[in-house]
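Survey of secondary and tertiary structure
Each chain, written out:
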Amino acid sequence: MFARAALILLLFGLLGDGGAEKGRDGNALFDQGRHVAAADAYQAGLDALDDTTGAVYVGLQNNRGLALHRQDRLGAARTAFRKARRAATTEAERARVLFNAANVAAEMKDRPGALNRYRQVLLLDPTHEAARFNYEYLKRQKGGRSGGDPSPLEPSPFAKQLKKKADALVARTQYTTAAALLRDGMQRDSTVRAYREFVGRLEEIAQIARSDS
């Protein structure tokens, strides 16, 4: 089951412009479960904006996407999230919008698109547990699991200690070094292979980081 706890509304400060005011109205309607009216309020806020690059625009598009998502209008929600992602200027905004977009892609059975967006979230925020859970869930679904799979390895104390060191490197966004540490550990202790899927994810994220640099 997907983790969807991060489907959180972007808030609007006490700004005087009509776009932010409509955004606050939309948030109130969303909290009441009135998702159609909320989507209309967010759209009214977008119509009132002259600036399509600021934080208010990002918030309105993101929140409209959430309201559309709650109506099962997944295609329209995906478009709203795409516009929000393109306009986002902070890593926090991008991570939140990308996570929302990934969830919608997964519900639309776009597995490659969902995996790519979850990877981008983890690149921005390696501690994002909901994105990590959903990414691992989707990866496990690939082709299903056969009944003849071997029993899972039990990591040794050495393997667990090595994993802690790798996690510390990941927290500093040193993905390649963390993956290399575990790959080297596999040569010394076969139970480190219990983390081989984790190593594969690190190498994928490191590749994304190199391509974006």
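These figures come from a predicted structure and were not determined experimentally. (Residues numbered from 1 in each chain as written. Predicted model: local features only at pLDDT ≥ 70, side-chain atom pairs only at ≥ 80, totals over all residues. Heavy atoms only, no water.)

With 13 residues, helix 7 (residues 129–141) ought to run about 18 Å at 1.5 Å a step, and its terminal C-alpha atoms sit 18 Å apart, in line with that. Among the residues making up helix 7, those that are buried are Ala130, Ala131, Arg132, Asn134, Tyr135 and Leu138. (Helix = DSSP H or I, 4+ residues; strand = E, 2+ residues; numbered from the N terminus. Expected span 1.5 Å × (residues − 1). Buried < 20%, exposed > 50% of the residue type's maximum accessible area, 1.4 Å probe, protein only.)

Within the fold, Glu93 resides in helix 5 (residues 91–107). Of the buried charged residues, Glu93 lacks a salt bridge, with Arg94 as the closest side chain of opposite charge at 6.5 Å. Those residues in contact with Glu93, other than ones at most four positions away along the chain, are Ala55, Val58 and Ala88. (Lys, Arg positive; Asp, Glu negative; His and termini not counted. Salt bridge = Lys/Arg side-chain N within 4 Å of Asp/Glu carboxyl O. Contact = heavy atoms within 4.5 Å.)

So, about the nonpolar core. Among the nonpolar cores identified, the biggest contains 33 residues, and Tyr118, Tyr175, Leu182, Val192, Phe198 and Leu202 are the most heavily contacted of them. Of all the secondary structure elements, the ones that give two or more residues to this core are helix 5, helix 6 (111–124), helix 7, helix 8 (157–171), helix 9 (175–188) and helix 10 (196–212). The next biggest cluster of nonpolar side chains, apart from the first, holds 25 residues, and it includes Leu29, Ala84, Val97 and Val104. (Core = buried A, V, L, I, M, F, W, Y, C linked by side-chain atoms within 4.5 Å.)

What follows is about the packing of aromatic side chains. Enumeration according to the criterion identifies 1 aromatic pair in this entry. Taking NZ or CZ as reference, Lys163 lies 4.3 Å from the ring centre of Phe198, over its face. (Phe/Tyr/Trp six-rings, centres within 6.5 Å; stacked < 30°, edge-to-face > 60°. Lys NZ or Arg CZ within 6 Å of the ring centre and 35° of its normal.)

Where helix 2 (residues 35–48) meets helix 3 (residues 55–70), the axes come as close as 9 Å, and the angle between the chain directions of the two elements is 155°. Classified by the angle their axes make, helix 2 and helix 3 are roughly antiparallel. For helix 2 against helix 3, the interelement crossing comes out left-handed. Residues His35, Ala38, Ala39, Tyr42, Gln43, Gly45 and Leu46 of helix 2 form the contact with helix 3, whose participating residues are Tyr57, Leu60, Gln61, Asn63, Arg64, Ala67, Leu68 and Arg70. When the residues that make up the contact of helix 2 with helix 3 are grouped by side-chain class, the tally is 8 nonpolar, 5 polar and 2 charged. (Axes fitted to C-alpha atoms, helices over the stretch in contact; angles between N-to-C directions. Parallel < 35°, antiparallel > 145°, perpendicular 65-115°, else oblique. Left-handed = near helix turned anticlockwise from the far one by under 90°. Nonpolar A, V, L, I, M, F, W, Y, C, P; charged D, E, K, R; others polar.)

Turning our attention to the environment of Ala168. When you line up the elements, Ala168 lands in helix 8. Of the residues examined, Ala168 reaches a relative accessible area of 35% and is grouped as partly exposed.

With that out of the way, let us pick up the pattern of salt bridges. Oppositely charged side chains are able to pair whenever their charged atoms sit close together. Under the defined criterion, the tally for this structure stands at 3 salt bridges. Between Asp110 and Arg78 there is a salt bridge, and its shortest N-O distance comes to 2.3 Å. Placement of Asp110 in the loop between helix 5 and helix 6 and of Arg78 in helix 4 (residues 74–87) is noted, with a sequence separation of 32 residues between them. The class of Asp110 is partly exposed, set by a relative accessible area of 23%. Salt-bridge contacts for Lys160 lead to Glu154; the nearest nitrogen and oxygen are separated by 3.7 Å.

Here we take up helix 8. In this model, helix 8 (15 residues) spans 21 Å end to end at C-alpha, consistent with the 21 Å of a helix rising 1.5 Å per residue. Turning to helix 8, its buried residues number three or more, namely Ala159, Leu162, Lys163, Ala166, Leu169 and Val170. Taken around the axis of helix 8, the buried residues stretch over an arc of 115°, which confines them to a single face. Turned more than 90 degrees off the buried face of helix 8, the exposed positions are Pro157, Lys164 and Ala171. (Arc of directions from axis to C-beta.)

Attention now moves to the environment of Val56. Tracing the sequence through the fold places Val56 in helix 3. C-alpha of Val56 to C-alpha of Glu21: the two residues are 35 residues apart in sequence and 9.9 Å apart in space.

For the chain, the average pLDDT comes to 82, and 84% of its residues sit at 70 or higher. Here helix 10 is the element of the chain with the lowest mean pLDDT, 73, and helix 2 is the one with the highest, 93. In this model, residues 144–151 is a region of pLDDT below 50 whose contacts with residues beyond four sequence positions or in other chains number 2 contacts. (pLDDT = per-residue confidence, 0-100.)

A word on the side chain of Asn103. As for its position among the elements, Asn103 is in helix 5. In this structure Asn103 comes out as buried when scored by relative accessible area, which is 0%. A distance of 2.4 Å separates a polar atom in the side chain of Asn103 from a polar atom in the side chain of Tyr118. (Polar contact = N/O pair within 3.5 Å; in protein donor to acceptor, adjacent residues only side chain to side chain.)

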